[in-house]
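The chain contents come next:
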Amino acid sequence: MTKHVGVGVCLLGLVATTGTMMAQANPWNGSWKEDPATHTYDGPTASVTVDANGYTMTRGGVATKTVCDGKPQKTDDTMTACTKSATGYSIVVTKDGKTVRKAAVSLSADGKTRTVKSEVWPTDGAMYTVTSVSTRVSGGPGFAGDWKEVKTGSSDDHGVLTIAVKGDSVDFKETDTPKPITCKLDGTPTKVGDTTMSVKLADPHTLKVTYSSDGKVRRNNTFVLSADAKSITETDVTPAPAVSTMSVVLKKM
């Protein structure tokens, strides 16, 4: 996520005049720990149809066909190879000849739960895993039907957010990023791997963070600082076609 001196000092109501004093006075600065009891998640829904060549997933009116013949297929700027197995599907995504993602899609014995376990290799960090779980809304048998994502998690998400305002910029380290990212607080986009990130100080108690790629907004985060500066409420919204909303309270460590 992203950050902003001069104007930022006034907006944040800083009482100090030096960099060190400013860092001590700024109520945003510090480490913030997620309170699991406050976590809520309303995940995206998807409709899946299956045929002899693979499957088609439709989200928000956008249909994506995955051919499962084991051969690489062109998908945007990547190549995707899908193989049908006895337990589900195995997917390998490559870019410029390098593997960027491997996924195993499986179905529970009772056919009510679909799990996707992925290994991801980012361009600027170590490999991490992502697991998402969806429950059946309707349809069947097998993978066909309507599904709603009810849980998602990442191995590099440790539940700690760190913020350090420095003049007109901010070092912002979300729970699932390996190192802080420095951004202007005026919403100027900052390049982060294959995406861009911008941070805007909307008011003294609200930070808005936007992640974009390929000219499209992929995720919007809003962080609201409590009046006593002891907690932050984070609301994470993913727009169409995979619409989802996550909310959690983080407490000052």
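Look up: the structure comes first, before these words.
This one's a predicted model, so the numbers in the text were calculated from it and none came from an experiment. (Residues numbered from 1 in each chain as written. Predicted model: local features only at pLDDT ≥ 70, side-chain atom pairs only at ≥ 80, totals over all residues. Heavy atoms only, no water.)

Q: For the environment of Lys-184, give the residues involved together with the corresponding values.
A: By the element assignment, Lys-184 lies in strand β15 (residues 181-184). For Lys-184, a relative accessible area of 35% corresponds to the partly exposed category. A sequence separation of 18 residues divides Lys-184 from Lys-166, and the C-alpha atoms of the two residues are 9.5 Å apart. Among the polar contacts made by the side chain of Lys-184, one reaches the side chain of Asp-168 at a distance of 2.8 Å. (Helix = DSSP H or I, 4+ residues; strand = E, 2+ residues; numbered from the N terminus. Buried < 20%, exposed > 50% of the residue type's maximum accessible area, 1.4 Å probe, protein only. Polar contact = N/O pair within 3.5 Å; in protein donor to acceptor, adjacent residues only side chain to side chain.)

Q: Can you break down unusual backbone geometry residue by residue, with the values?
A: If a residue is not glycine, its phi is most likely negative; likewise, a peptide bond is most likely trans. Here Gly-140 and Pro-141 are connected by a cis peptide whose omega angle stands at 0°. Following the sequence through the fold, Pro-141 ends up in the loop between β11 (128-138) and β12 (145-154). Although it is not a glycine, Asp-214 adopts a positive phi angle of roughly 55°. Secondary-structure assignment places Asp-214 in the loop between β18 (206-213) and β19 (216-225). One non-glycine residue with positive phi stands out, namely Ala-229, at about 60°. By secondary structure assignment, the location of Ala-229 is in the loop between β19 and β20 (231-238).

Q: Now, about the packing of aromatic side chains: what can you tell me, with residues and values included?
A: According to the stated counting rule, one finds 3 aromatic pairs in the structure shown. Taking the centre distance of 4.8 Å and the plane angle of 55° together, the rings of Tyr-55 and Tyr-89 count as tilted. Highlighted residues: Tyr-55 in strand β4 (residues 54-59) and Tyr-89 in strand β8 (residues 88-95), separated in sequence by 34 residues. For Tyr-55, a relative accessible area of 11% gives the class buried. Overall, Tyr-89 belongs to the buried group, its relative accessible area being 5%. Summarising the aromatic geometry, the rings of Phe-172 and Phe-223 are spaced 5.4 Å apart at their centres and angled 65° between planes, so their arrangement reads as edge-to-face. One end of the pair, Phe-172, is in strand β14 (residues 169-173); the other, Phe-223, is in strand β19, and 51 residues separate them in sequence. With respect to class, Phe-172 is no different from Phe-223; both count as buried. Of the aromatic side chains, those joined through ring pairs into one cluster are Tyr-55, Tyr-89 and Phe-143. Over the ring of Tyr-89 we find Lys-84, and its NZ or CZ is 5.3 Å from the ring centre. (Phe/Tyr/Trp six-rings, centres within 6.5 Å; stacked < 30°, edge-to-face > 60°. Lys NZ or Arg CZ within 6 Å of the ring centre and 35° of its normal.)

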